[in-house]
Amino acid sequence: MTNRCRIAPSPTGPLHIGTARTALYNYLFARRTGGTFILRLEDTDAARSSLEHERDILEGLHWLGLTWDEGPEVAGLPARGPFGPYRQMQRLPLYREAADRLLSQDRAYPCYCTPDELAADRHAQEQAHQPPHYVGRCATLSMDQRRQREAEGRKPAVRFRVGEGIVAFDDLIRGHVEIDTTALGGDLVIVRSDGTPLYHFTVVVDDAEMRITHVIRGEDHLSNTPKHILLFRALGADIPTFAHLPLILNADRTKMSKRKSQTAIEDYRNEGFVKEAIVNYLALLGWSPGTEEEIFGLDELAQRFDLERVHSAGAVFDRGRLEWLNGQWMRRLPDEELIERSMPFLFRSLDERAAAGGAIRTPTEADLHALLPMIRERLPLLSSIGDLIDFLFVDDVRVDAALLVPKRWDARTTTDAVADARRVIAEAGAVSFEADELEVALRQLAEERGWKAGDLFMAIRVAVTGRTATPPLFDTLVALGQERTLERLDRAAETLRSGVA
RNA sequence: GCCCCCAUCGUCUAGAGGCCUAGGACGCCACCCUUUCAAGGUGGAGAUCAGGGGUUCGAAUCCCCUUGGGGGCACCA
């Protein structure tokens, strides 16, 4: 039998880091074992679910490369797989039928308790220092009593009889786990009074229906697993193998939340993280290959992944490590790929400059191609590209007079240096305006004047770019072109003059 | 409160009884390279393996207890 596993996101928010990690592990498990990876949308929380989030989640998973073998219709493409529909709100009749079956076997019963009654129960339990649980008011209602309540116009919810005993299972990551059903909080509601099913019920009905063999999910579901097992049994279904993944944690070691951490994959993407780095990072957050390598692409992960090597302890999300991996991956990207991915970020920063009132020129792919060797090693994020080279495309580079004077120099020396540099650069051949040539000439100038070359270069750097940290100077000058370099040196000279006066 | 899970450098982790005076990576510090910033290289600081009991000739590794942390306990998913 081939393995079948699934990711079952709920479209109640944008794609979450934790969901992405769970999806990845499911995907890797399926790929590694030649199994089937299924996507199912758990959208029964009508109040919080939205189509926008659904799109974000699907798009995000797709972006990461986590393609599913079976799943709902997407972007005009039809649903795939023999167990559809893969959207729970379209599977309502299935849950209804399953609930009816449990009802008819008296494994579930109608519950007429009102929200107020339940709240009062909970309150009383709290006062008595008891764990919250359903008191069973409706568990033993006679047919007459039920009819009477129906006559009052009360709409019943459906409750599943939990029963007594110990539920045990062997978790692939945690080992043997036993939980007494008395700790489950009493009979649980599986269908709301409005007829819509609840999570614990739909997840089991669907996992059974879709022949899921391996349930790989977050540890936050571990305590709920006995409920699921009980439901599988009641429905006469095979019980899947469970694997509960360690949680991803905030810095304070609580379950990662958007309150305390950046949790939306979308946000990382917009910041300029590359999908390879995210996948690589997430894979290593809770799983280890057992070797000392740590740069892995999706396909390589799919060859090596093994649930047995997944940790059991929670893992703090470490953005610094992600950033390091991002650098690693960006440096490995082929030229074309890096250009294509960073262009939108460059345009974005240039647009911002333009919006601030500066004239800009539009970079071309050829520009980027020429610039690539000098920026590749300097890019922590795709979005950093603007800081690195935007001055090449912005016409009115504003230079801070204070910044213009190198640390060891005074204004007078700087003024001289800018003037001399202008002369030397102007003398360089316009036809062969080359980095090597410029370097020789400028080093010679520094020597003649008794300046440290580094100081001279810094003065020129700031004069021409407005920044103290830039790609290598001579390449930068060449990229800028002789004419614009001279213009900027002239402007810097003016700034110095007015700044000194 | 009750139940369940977890516990190796700040962080991610290696470690399945002797190979561990605990290895790697991120971060940090120093040095090298160097026109700045990066990248890269070398080296360093950093964990009495939460604590205490056992088991064993021998324990980070097995067992128990304690402590600490986390998660779950909805007509949320």
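In this text, all values refer to a predicted model and were calculated from it rather than measured experimentally.

Chemist: Lay out the overall build of chain A with the relevant residues and their values.
Modeler: For chain A, the count of helices and strands is 20 helices and eleven strands. Taking the principal axes of the C-alpha coordinates as reference, chain A spans close to 105 × 50 × 45 Å. When each of the 501 residues of chain A is scored for burial, the buried share is 49%. Considering only contacts within chain A whose residues lie at least 6 apart along the sequence, 75% involve residues at least 24 apart. Accessible area of chain A: about 24100 Å², with a carbon and sulfur share of 50%. Computed over 63 positive and 77 negative side-chain charges, the separation of the two mean positions in chain A equals 4 Å.

Chemist: Any chance you could break down the protein's contact with RNA strand B for me, citing the residues and the numbers?
Modeler: Neighbouring RNA strand B are 67 residues, the closest being D45, H311, R378, R443 and R461. E42 places a main-chain nitrogen or oxygen 3.2 Å from a sugar or linking oxygen of RNA strand B. With respect to RNA strand B, the backbone of P472 contributes an N or O atom lying 3.3 Å from a base oxygen. Secondary-structure elements contributing two or more residues to the surface near RNA strand B are helix 4 (115-127), strand 4 (157-160), strand 6 (175-180), helix 6 (199-209), strand 11 (315-316), helix 11 (319-332), helix 18 (453-465) and helix 19 (473-480). At five residues, the largest contribution of residues to the surface near RNA strand B is made by helix 11.

Chemist: Describe the sheet that holds strand 3 (residues 108-111), listing the residues and the values that go with them.
Modeler: Judged by pairing direction, the sheet is antiparallel, and its three strands sit side by side in the order 3-4-7 without closing on themselves. Either end of the sheet is taken by a strand with one partner, and the two such strands are strand 3 and strand 7 (188-191). Shown here is a sheet whose adjacent strand axes are inclined to one another by a mean of 45°, direction ignored. Two strands pair when backbone bridges link them, and strand 3 and strand 4 are joined in this way by four bridges, in the antiparallel orientation.

Chemist: Provide a residue-level description of the domain arrangement of chain A, including the pertinent values.
Modeler: Structurally, chain A comprises domain 1 (4-88 + 249-316), domain 2 (91-245), domain 3 (335-393) and domain 4 (401-497). If you average the C-alpha positions of domain 1 and of domain 4, the two centres end up 50 Å apart.

Chemist: How would you explain the packing of aromatic side chains if you had to name every residue and give the values?
Modeler: This structure, assessed with the given rule, holds ten aromatic pairs. Considering the side-chain rings of Y281 and F317, the 5.2 Å spacing of their centres and the 80° angle between planes classify their relative orientation as edge-to-face. Linking Y281 in helix 9 (residues 275-284) with F317 in the loop between strand 11 and helix 11, this pair joins segments that are 36 residues apart in sequence. As far as burial versus exposure is concerned, Y281 and F317 are alike and both buried. One aromatic cluster is present, built from ring pairs that chain together Y25, W287, F296 and F305. For the cation-ring pair, R21 lies above Y25, with the distance from its terminal atom to the ring centre recorded as 5.0 Å. Its guanidinium or amino end placed over the ring of Y134, R159 lies 3.4 Å from that ring's centre, counting from NZ or CZ.

Chemist: Now, about the packing of helix 3 (residues 92-104) against helix 6: what can you tell me, with residues and values included?
Modeler: Here helix 3 crosses helix 6 at 100°, and the two axes come no closer than 10 Å. One finds that helix 3 runs roughly perpendicular with respect to helix 6. Side by side, helix 3 and helix 6 meet where L94, Y95, A98, A99 and L102 of the first sit next to F201, T202, V205, D206 and E209 of the second. Split into classes, the residues belonging to the contact of helix 3 with helix 6 amount to seven nonpolar, one polar and two charged.

Chemist: Give me the environment of P78: which residues, what numbers.
Modeler: Along the chain, the position of P78 falls in the loop between helix 2 (51-64) and helix 3. Residues in contact with P78, not counting those within four places in the same chain, are P72 and E73.

Chemist: Give me the lowdown on the environment of V204, citing residues and values where you can.
Modeler: When you line up the elements, V204 lands in helix 6. In contact with V204, not counting residues within four places along its chain, are H228, L231, F232 and L235.

Chemist: So, the pairing of strand 6: which residues are in play, and what are the values?
Modeler: Note that strand 5 (residues 166-171) and strand 6 share six bridges and pair antiparallel. In the sheet register, D171 faces strand 6, and the bridge partner there is G175. Where strand 5 folds back on strand 6, the antiparallel hairpin that results is connected by three residues.

Chemist: Describe unusual backbone geometry, with residues and values.
Modeler: Following G84, the chain continues to P85 via a peptide bond in cis, the omega torsion being -5°. Within the secondary structure, P85 sits in the loop between helix 2 and helix 3. A positive phi is found at D106, a non-glycine position, where the angle reads about 60°. Counting through the fold element by element, D106 comes out in the loop between helix 3 and strand 3. Since its relative accessible area comes to 40%, D106 is described here as partly exposed. The residue R211 is not glycine, and still its phi comes out positive at about 55°. Mapped onto the elements, R211 comes out in the loop between helix 6 and strand 8 (214-218).

Scoring rules and cut-offs
Residues numbered from 1 in each chain as written. Chains lettered and ligands numbered in written order. Predicted model: local features only at pLDDT ≥ 70, side-chain atom pairs only at ≥ 80, totals over all residues. Heavy atoms only, no water. Helix = DSSP H or I, 4+ residues; strand = E, 2+ residues; numbered from the N terminus. Buried < 20%, exposed > 50% of the residue type's maximum accessible area, 1.4 Å probe, protein only. Contact = heavy atoms within 4.5 Å. Areas by Shrake-Rupley, 256 points an atom, 1.4 Å probe, with all protein chains shown as cover. Lys, Arg positive; Asp, Glu negative; His and termini not counted. Charge placed at Lys NZ, Arg CZ, Asp CG, Glu CD. Near = heavy atom within 4 Å. Polar contact = N/O pair within 3.5 Å; in protein donor to acceptor, adjacent residues only side chain to side chain. Pairing = 2+ DSSP bridges. Axes fitted to C-alpha atoms, helices over the stretch in contact; angles between N-to-C directions. Domains from an automatic or database assignment. Phe/Tyr/Trp six-rings, centres within 6.5 Å; stacked < 30°, edge-to-face > 60°. Lys NZ or Arg CZ within 6 Å of the ring centre and 35° of its normal. Parallel < 35°, antiparallel > 145°, perpendicular 65-115°, else oblique. Nonpolar A, V, L, I, M, F, W, Y, C, P; charged D, E, K, R; others polar.

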